[in-house]
Amino acid sequence: LSRVSPFAVGQCGNQVGCRFWDLALREHAAVNKKGIYDEALSSFFRNVDTRSGDNGPDIYKGKICSLKARALLIDMEEGVVNEILQGPLRDVFDSKQLITDVSGSGNNWAVGHKIYGCQYRENIVEKLRKTAEHCDCLQCFFIIHSMGGGTGSGLGTFVLNLLEEEFPEVYRFVTSVYPSGEDDVITSPYNSVLAMKELNEHADCVLPIENESLFEIVNKIHQMINSGKLGSTVKQNSLVTSSAGSAKTLQEKPFDAMNNIVANLLLNLTSSARFEGSLNMDLNEISMNLVPFPRLHYLVSSLTPLYTLADVNVPSRRLDQMFSDAFSRDHQLIQADPKHSLYLACALLVRGNVQVSDLRRNIERLKPSLHFVSWNQEGWKTGLCSVPPVGHSHSLLALANNTCVKPTFIELKDRFMKLYKKKAHLHHYLQIDGMEQSCFSEAVSSLSDLIEEYNELDATKGGPRVDPSRLKIAV
Amino acid sequence: MSIVTVQLGQCGNQIGHEVFSALCSDIRGTHGLCSKKENESYQDSCKERFFCEEESGVPVARAVLIDMEPKVISQTLSMAARSGHWKYNSHSHFCQKQGSGNNWANGYSVHGPRHKEAIMNLVQKEAEKCDRLGGFFTIMSMAGGTGSGLGAFVTQCLRDAFPTSFILNHVIWPYGTGEVIVQNYNSVLTLSHLYHSSDALLVHENDVIHKICAQLMNIKQISFRDVNQVIAHQLGSVFQPTHTAGGGSGYSRNPLGDLLEPLVPHPEFRMLGLRNIPQMPESSLAYSTFSWPGLIKHLRQILIANAHMEEGIDWQVRPPDPGSSIPSTNKPLHFNTSIANLVILRGKDVHSVDLGSFQDPSLYTSWLNPQDAFNAWKTPRAFNKYEKSAALVSNSQFLLKPLDSIVGKAWNMFASKAYLHQYTKFGIQEEDFLDCFTTLEQVISSYTNL
């Protein structure tokens, strides 16, 4: 099975990453009853013989000895990573997978990208190569980071560049948390736009996430549970926001629930590559089907259902509701409404006891209310994975390449321009070696071009007015 | 004579497993409705064709399993072994780790050349186990990356390595509303390439089989397994042993040759459709009776009206008046013109069946004598618990509309240049696409002007 190597960069990235590893372990534990190191586990974990210490050899078959995540954790402050290493996941990582510093990046993209990038380049490349060596087939890198800060944004996109240089054939998937309007980091627009240029040019696929959306979803779940409107009890560990197994409905840290959603997104994205099903969907297929033109690689995601009721028999009505919800505005992980914008492509990855007829019925049902680009009127990519997420009987991940990402980018550009016009805080960036005014103008130009491409598509609905005439054959 | 089956990609392997299961379960059944001697002859013939014997006594399928990711092959091998009644050879498979990414170019230009030697070695080994090699049967979908791209490459290799053997490609056409967004590109690339190396393409369309599952088999929540089992039943009804017309008293010893030679008289026309009647849930079989005249009447109308099953047939469609030479543009609308047809009858009283209606010259183009255009195989041995069953393999306009639709959608996408960068990075250029479109437009034109 192909190996996936996630990189968590920065505070946000590492907090999400932590939830991801926790949920991944629980998911595999639920399926893997015999404790055998199997193909599914090997996609995210190595099996190390630690009897002779941490540097033991990898074991490729047989019983699980010690699972180590195929990951790199990078942060320029120690707090978050230290917490992970003191917590229940401490044995999943070894010191060779960590790159930390002490002073942080001061919420400055340039510090993360130029200073730390330069400083840690060798270190990162070396650890990258080591991780790759342990994979017999490296298919994909995942970067998890936020756009608004300094480390995740700056150093994270530096790592993205490095990955392209060192491993040009391995797919680069990036999960990026975009800042909201009320973000408490004043320079987050600068950091985000500078990072966007890197994503435009070096990522294969980007899954943008907005905290506002995660927050709204978390609230929605709390309301639903507390309102008592639900007929049956909600399966506690089925909440898309919960740490499976935990009985709490209110999390101690506000971000835990939100991070769980993103962690679940990543788990579901890779589920069909790890577990069997009647129609497998691998990561390279996602990139192939959802990216019709290289720069248009931003995918809006939604996860449903948010929870599963305790009923064992799921009537198809409820299954159908799951599909409907995937297209509704309030289930998207960014502030976007795909139903009222233009689809270039759409993917549905279903897990659990769902069959092809359920998929077909729902596609037929929902298609008329969706707008697809003229050259992809029936453009659906579908996958069926037999193994549901822990606590659920079924789930759906929808990925859309849709022009509804445009408002997010336009707002970002507006916030950037507000600061840039006044040259506010620019000196913090320009004083960094390697940073010039042109970095800013090029970055915003790149973003403008991207917005323009989406505008074009919206204006023309993506195609010529008339169907192109077919080749004529002399009879 | 033996047939070596090559299962390609997830679809090919999932269907292949159901086919061998169906064949095996049919020969083990006690519903043959014929003499013991006839039954034993049938069993022996099937075994020789599709299985080889091992010391353990468990029949081993004559198959090579190929996929670019390991999960499906692993499942397929273990499901077969668990059945206890047949299995695959534990060495006859080849897989990789990373898949083809639904990218035809990746399957054809990268995986193909890279793994050619290993794959052809496996095929050679299987071929050598056959006392007499009757040819190759490949199973693949044309929507994805492995079955389609690697499948096209392997077919070419088979043709090069076995220039005088028959090659029949069983190709699955995906649901029209999409399983894969680039499925129409992959389909155009596959079909045009297969046309150059294969003897014939035997097609099943997911949409059609899905309808059969819903309307005839009454399955509520249809899974791919259900679809695959219907397909396997239909294939079994063609490939299980029969007596061919001039075959004397024994079962046909050249199944692929006997199938392909009469059905593909002209290299421009290689698309074969398959119909089977009756089809119903197993639980209903005990309560149903059929008459041959009724079955034959329905099957003929299915052919003429291009229906997919015995429900919803348009009985208004009639062949053109005999005797008048009508240019194709004036033929009655919706009438399905045939080049050649094969009807296979299995079960009770087969020898009494009158198939004269299929020899009506108005069903066919004028190139062949109706006696040559139509063939019938019969066997008294019933198939898969159906007391009477009839299959139709047809080289006609069955697939014209679906083919035209796929090419149309692919062309529409091609004109906007969407997704082309995904193919060019693996070496398939725009000119290659254009060549493929040209090939298929030619095929469409040929079938339209029958």
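Predicted, not measured: the structure shown is a model, and the values here were computed from it.

### Remarks on the interface of chain B and chain A
And then number 1: Across the contact, 52 residues belong to chain B and 58 residues belong to chain A.
And then number 2: Buried surface at the junction of chain B and chain A, summed over both partners, amounts to about 4,300 Å²; 53% is from carbon and sulfur atoms.
And then number 3: Per-residue buried area on chain B facing chain A is highest for Lys97(B), Thr177(B) and Ile181(B); these three make up 16% of the total on that side.
And then number 4: Summed over the shared surface of chain B and chain A, the result is three salt bridges.
And then number 5: Asp404(B) serves as the salt-bridge partner of Arg470(A), at 2.8 Å between the closest nitrogen and oxygen.
And then number 6: Applying the counting criterion to the chain B and chain A interface returns 33 residue pairs in polar contact (both at pLDDT 80 or more).
And then number 7: Contributing elements (two or more residues each) for the side of chain B that touches chain A: helix H1 (9–28), helix H3 (70–83), helix H13 (400–415), helix H14 (420–424) and helix H15 (430–448) of chain B.

### What to know about helix H12 (residues 406–421) of chain A
Residue and element names in this part refer to chain A.
And then number 1: Here H12 contains 16 residues, and its C-alpha end-to-end distance of 22 Å stays within 8% of the 22 Å for a straight helix at 1.5 Å per residue.
And then number 2: Those residues of H12 lying buried are Lys 406, Thr 408, Phe 409, Leu 412, Arg 415, Phe 416, Leu 419 and Tyr 420.
And then number 3: Where the residues of H12 are buried, they touch strand S7 (171–178), helix H6 (188–202), strand S8 (205–210), helix H13 (426–430) and helix H14 (437–460).
And then number 4: One or two positions beyond H12, positive phi appears at Lys 423, with a value near 55°.

### Quick word on the pattern of salt bridges
And then number 1: Here the structure, examined in full by the defined rule, presents 33 salt bridges over all chains.
And then number 2: The residue Glu166(A) makes a salt bridge to Arg129(A) at a minimum N-O spacing of 2.7 Å. On the criterion of sequence distance, the pair formed by Glu166(A) in helix H5 (residues 151–166) and Arg129(A) in helix H4 (residues 109–133) is long-range, its members being 37 residues apart.
And then number 3: Assessed through its relative accessible area of 25%, Glu166(A) is described here as partly exposed.
And then number 4: Of the residues examined, Arg129(A) reaches a relative accessible area of 45% and is grouped as partly exposed.
And then number 5: Two residues, Arg253(B) and Glu48(B), come together in a salt bridge whose shortest N-O distance is 3.1 Å. Remark: Glu48(B) occurs in helix H2 (residues 36–50) and Arg253(B) occurs in the loop between helix H8 (224–239) and helix H9 (255–263); sequence separation between them is 205 residues.
And then number 6: The structure contains a network of salt bridges with shared partners spanning Arg19(A), Asp22(A) and Arg26(A).

### With respect to the environment of Ile99(A)
Residue and element names in this part refer to chain A.
And then number 1: Tracing the backbone shows Ile 99 in strand S5 (residues 98–100).
And then number 2: With relative accessibility at 1%, the residue Ile 99 sits in the buried group.
And then number 3: For Ile 99 and Leu 72, which are 27 residues apart along the polypeptide, the C-alpha to C-alpha distance reads 7.6 Å.
And then number 4: Apart from the residues lying within four places of it in its own chain, the contact partners of Ile 99 are Leu 73, Ile 74, Asp 75, Met 76, Tyr 120, Asn 123, Ile 124 and Lys 127.

### Some points on the domain arrangement of chain B
And then number 1: Taken domain by domain, chain B holds domain 1 (2–271), domain 2 (282–397) and domain 3 (401–449).
And then number 2: Of note, the centres of domain 2 of chain B and domain 3 of chain B, computed from C-alpha atoms alone, are 33 Å apart.

### Quick notes on the domain arrangement of chain A
Residue and element names in this part refer to chain A.
And then number 1: When its domains are assigned, chain A resolves into domain 1 (3–47 + 63–245 + 257–407) and domain 2 (408–460).
And then number 2: For domain 1 and domain 2, the distance between their C-alpha centroids amounts to 26 Å.
And then number 3: Each partner contributes residues to the interface: domain 1 has 37 residues there, and domain 2 has 34 residues.
And then number 4: Taken together, both faces of the contact between domain 1 and domain 2 bury some 3,200 Å²; the carbon and sulfur share is 68%.
And then number 5: Of all residues in domain 1, Tyr 190, Val 193 and Lys 406 bury the most surface against domain 2, accounting for 25% of the area lost on that side.
And then number 6: Counting across the interface, domain 1 meets domain 2 through two salt bridges.
And then number 7: Across the salt bridge formed by Arg 295 and Glu 453, the nearest N and O atoms sit 3.1 Å from each other.
And then number 8: The interface formed by domain 1 and domain 2 contains 20 residue pairs in polar contact (both at pLDDT 80 or more).
And then number 9: When contributions to the side of domain 1 that touches domain 2 are tallied by element, the ones reaching two or more residues are H4, H6, strand S10 (342–352), strand S13 (394–402) and H12.
And then number 10: For the side of domain 1 that touches domain 2, the leading source of residues is H6, giving nine residues.

Reading guide: rules and limits
- Residues numbered from 1 in each chain as written.
- Chains lettered and ligands numbered in written order.
- Predicted model: local features only at pLDDT ≥ 70, side-chain atom pairs only at ≥ 80, totals over all residues.
- Heavy atoms only, no water.
- Contact = heavy atoms within 4.5 Å.
- Buried area = accessible area lost by both parts, 1.4 Å probe.
- Salt bridge = Lys/Arg side-chain N within 4 Å of Asp/Glu carboxyl O.
- Polar contact = N/O pair within 3.5 Å; in protein donor to acceptor, adjacent residues only side chain to side chain.
- Helix = DSSP H or I, 4+ residues; strand = E, 2+ residues; numbered from the N terminus.
- Expected span 1.5 Å × (residues − 1).
- Buried < 20%, exposed > 50% of the residue type's maximum accessible area, 1.4 Å probe, protein only.
- Domains from an automatic or database assignment.

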